[in-house]
Amino acid sequence: MIEFKVKDFFYPRDLFVTYLLLRRSEHWSPERFHAYQARKLAQLLRHCAAEVPYYRELFSTLGLKSEAFSPDNAFACLGKVPVLDKDVLRENPKAFRADNAARFHPKEITTSGTTGTPLTVLWDRGSNVMEFCCIQRLWRWAGIRIGHAFLDLRSCTFPESHKNLRQHGAAVYLRNWKSNGLEFNSDRIDDDNVEDYYQVLLRHRPRLVRGHPQAIQRLAMLLQDRGLDGWRPSAVTTASETLYDFQRQDIERAWGVPVMDSYGLKEHNVFIAQCRHKRYHLCPEYGVCEIVDDTGRAVSPGDEGWVVATGLHNYAQPLLRYQTRDRAVTGGSAPCPCGRTLPIVERIVGRIDDCLYTRDGRRYSGMHFAFFGRRGVKKARLIQDDLDKVTVELVADTEFDQAERHMLVSAMERKVDGKLNFALRFLDDIRQDEPGKFKFVVSHLQDRRAVAPAR
């Protein structure tokens, strides 16, 4: 997990202006959304042509000149830009860094992504503010205000030296008083210590639970099985993994609260969120989101395609027509019962990421965190055929030496508390089992819920 730091997001004037924009814009007409995006896109294209090495060269090849970009032709010009694959960004991230990036207060973020492919991206002032305000919009839809206590629950690792690390009995957690937040590592919660975590929840009473669907479902089931019902959240928001129907049903049945899913990227170029009517709303203020077929053409309403995104607010490292490698189904033009006019995405298909299971019935998600910062790993996939061993398929280059190999295996073993063995298998490429549904973790266990029930 990337640590939340208030200073990365705290630009009061920008936050206030963006907050007001998002309050008004969720009821705009399609024509007004188009005009807003066209104006922002033209500005971004001019910036790319002048300041970003990759796009200076590309635009010259395409015959696109900075002075020719305008709101009237911005979308037509964007359409001439080829889809950007993650591998291109991963192999040469500096080419996408603006020459004047420093003026936008960039922060370098290293992320593996759910496919295990390491990436280095920049967050800057504008993209951080828009990200924060879109998350706040989702919270507002859920009835939560900034300042309300919340619990962040996901598979992660807490450094022992972390200044916010706290402990109650066997419960180890982070307490961030600046954001009024708690953070639990879901991998550490089990039958033996859930009552200690429950006492922490009773003390701080978070109104919102947000995080990985698998982690939230498991906590809800553990508390329900023990009859620990003295605390319940007011809302649940999920992210970073595919939310399955059975997970939503388990959580809503246990806590009697709505589950509102969301979709975004560490690259800060797209944000999609559910309202209380469980309709996915695209945030067009955030960026231009295309859902396209294999040829790069927009699919028809109701059809599935690739999510290709252009963030409108990251000037330190702009990414035009970025191939997210996630899939979604386009929505139609029928209005949402919530009354908002934000475009609708029918379904998010991507982010299918199974758990690893151990012989004692435990399960571990978020294995891609073990790949953070590993040099030389171009792509990875974990295959589990039994309860003792995992095969790690790797596409690697010469930077992946013995030291990197040792650190990767050690990180994976720590992630599963030493309960699984990992065997590395080197390949020239890793192919998807089916189009659009690349799984970073593939389980071949016959009945995973029977082996390790979601409790």
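Because the structure is predicted, anything quoted here is derived from the model rather than measured.

Peer 1: For the overall build of the protein chain, give the residues involved together with the corresponding values.
Peer 2: Tallying secondary structure elements over the protein chain gives 12 helices and 21 strands in all. Each of the three principal axes of the protein chain carries a C-alpha extent, and together these read 65 × 50 × 45 Å. Residue burial in the protein chain is summarised as follows: out of 455 residues, 56% are buried. Taking the intrachain contacts of the protein chain between residues at least 6 apart in sequence as the baseline, contacts between residues at least 24 apart amount to 70%. Per element, the accessible surface of the protein chain, about 20100 Å² overall, is 47% carbon and sulfur. Across the protein chain, the mean location of the 68 positive side-chain charges is 6 Å away from that of the 59 negative side-chain charges.

Peer 1: So what's going on with a nonpolar patch on the surface? Residues and values would help.
Peer 2: On the surface, F16, V17 and L20 cluster together into a nonpolar patch covering about 260 Å² of accessible area. Considering the arrangement of structural elements, one finds L20 in helix α2 (residues 12-25).

Peer 1: So what about the sheet that holds strand β18 (residues 377-384)? Which residues, and what values?
Peer 2: Spatial ordering of the open sheet is given by β20-β19-β18-β21, a layout of four strands whose pairing is mixed. Two strands close off the open sheet at either side, each with one partner strand: β20 (421-426) and β21 (441-443). This sheet shows a mean twist of 25 degrees between the axes of neighbouring strands, independent of strand direction. Here strand β19 (residues 389-396) runs beside β20; their pairing, made up of six bridges, is parallel. Directly across from T391, in β20, lies its bridge partner A423.

Peer 1: Account for the confidence of the model for the protein chain, naming residues and giving values.
Peer 2: In this model, the protein chain carries a mean pLDDT of 88, and residues with pLDDT of at least 70 account for 91%. Mean pLDDT in the protein chain bottoms out at helix α12 (residues 448-451), which sits at 40, and peaks at helix α3 (residues 30-51), which reaches 97.

Peer 1: Summarise the environment of L58; cite the residues concerned and give the values.
Peer 2: Tracing the chain through its elements places L58 in helix α4 (residues 53-62). Here L58 falls in the buried class, since its relative accessible area comes to 15%. Considered as a pair, L58 and A68 are 10 residues apart in the sequence and their alpha carbons are 15 Å apart. Setting aside chain neighbours within four positions, we find L58 in contact with V81 and P82.

Peer 1: I'd like a rundown of the packing of aromatic side chains, residues and numbers included.
Peer 2: Here the structure, examined in full by the defined rule, presents 15 aromatic pairs. Ring plane angle 90 degrees and centroid distance 5.0 Å describe the contact between Y54 and Y55, whose orientation is recorded as edge-to-face. Residue classification places Y54 among the partly exposed residues on the basis of a relative accessible area of 26%. On the basis of an interplanar angle of 70 degrees and a centroid distance of 4.9 Å, the ring pair of F184 and Y197 is categorised as edge-to-face. Of this pair, F184 sits in strand β6 (residues 181-185) while Y197 sits in helix α8 (residues 194-204); the two residues are 13 residues apart in sequence, bridging distant segments of the chain. Considered together, F184 and Y197 belong to a single accessibility category, that of buried residues. Pairwise contacts between aromatic rings join Y54, Y55, F59, F69 and F96 into one cluster. Lying over the aromatic face of W306, R327 brings its terminal NZ or CZ to 4.5 Å of the ring centre.

Cut-offs used in this document
Going along each chain's sequence as written, the residues are numbered from 1 onward. Selection of residues for local features in this predicted model requires a pLDDT of at least 70, selection of side-chain atom pairs for listing and counting requires 80 or more, and totals for whole chains, interfaces and linings are taken over all residues. Note: side-chain values were computed over all heavy atoms of the structure, leaving out hydrogens and water. Numbered from the N terminus, helices here are DSSP runs of H or I no shorter than four residues, and strands are runs of E no shorter than two. Burial classes follow relative accessibility: with a 1.4 Å probe on protein chains only, a residue under 20% of its type's maximum area counts as buried, one over 50% as exposed, and anything between as partly exposed. The contact criterion used is simple: two residues touch if any of their non-hydrogen atoms lie within 4.5 Å. For every accessible area listed, the method is Shrake-Rupley and the probe measures 1.4 Å; residues are considered covered only by the protein chains on display. Charge assignment: positive for Lys and Arg, negative for Asp and Glu; neither His nor the chain ends contribute. In plain terms, the charge of a residue is placed at NZ if it is Lys, CZ if Arg, CG if Asp and CD if Glu. A patch consists of residues exposed above 30% relative accessible area that lack any salt bridge, with like charges linked at up to 9 Å and nonpolar side chains (Val, Leu, Ile, Met, Phe, Trp, Tyr) linked at up to 5 Å. We count a salt bridge whenever a side-chain nitrogen from Lys or Arg sits within 4 Å of a carboxyl oxygen from Asp or Glu. At least two DSSP bridges between two strands are needed for those strands to be called paired. The axes used here are C-alpha line fits, helices contributing only the stretch in contact, and every angle between their N-to-C directions lies in the interval 0 to 180 degrees. Values of pLDDT, ranging from 0 to 100, describe the predictor's confidence in every residue of the model. Side-chain rings of Phe, Tyr and Trp (the six-membered ring for Trp) are treated as a pair once their centres are within 6.5 Å; stacked means planes under 30 degrees apart, edge-to-face means over 60, and tilted covers the remaining angles. Note on geometry: a ring has a charge over it if NZ (lysine) or CZ (arginine) is within 6 Å of the ring centre and within 35 degrees of the ring normal.

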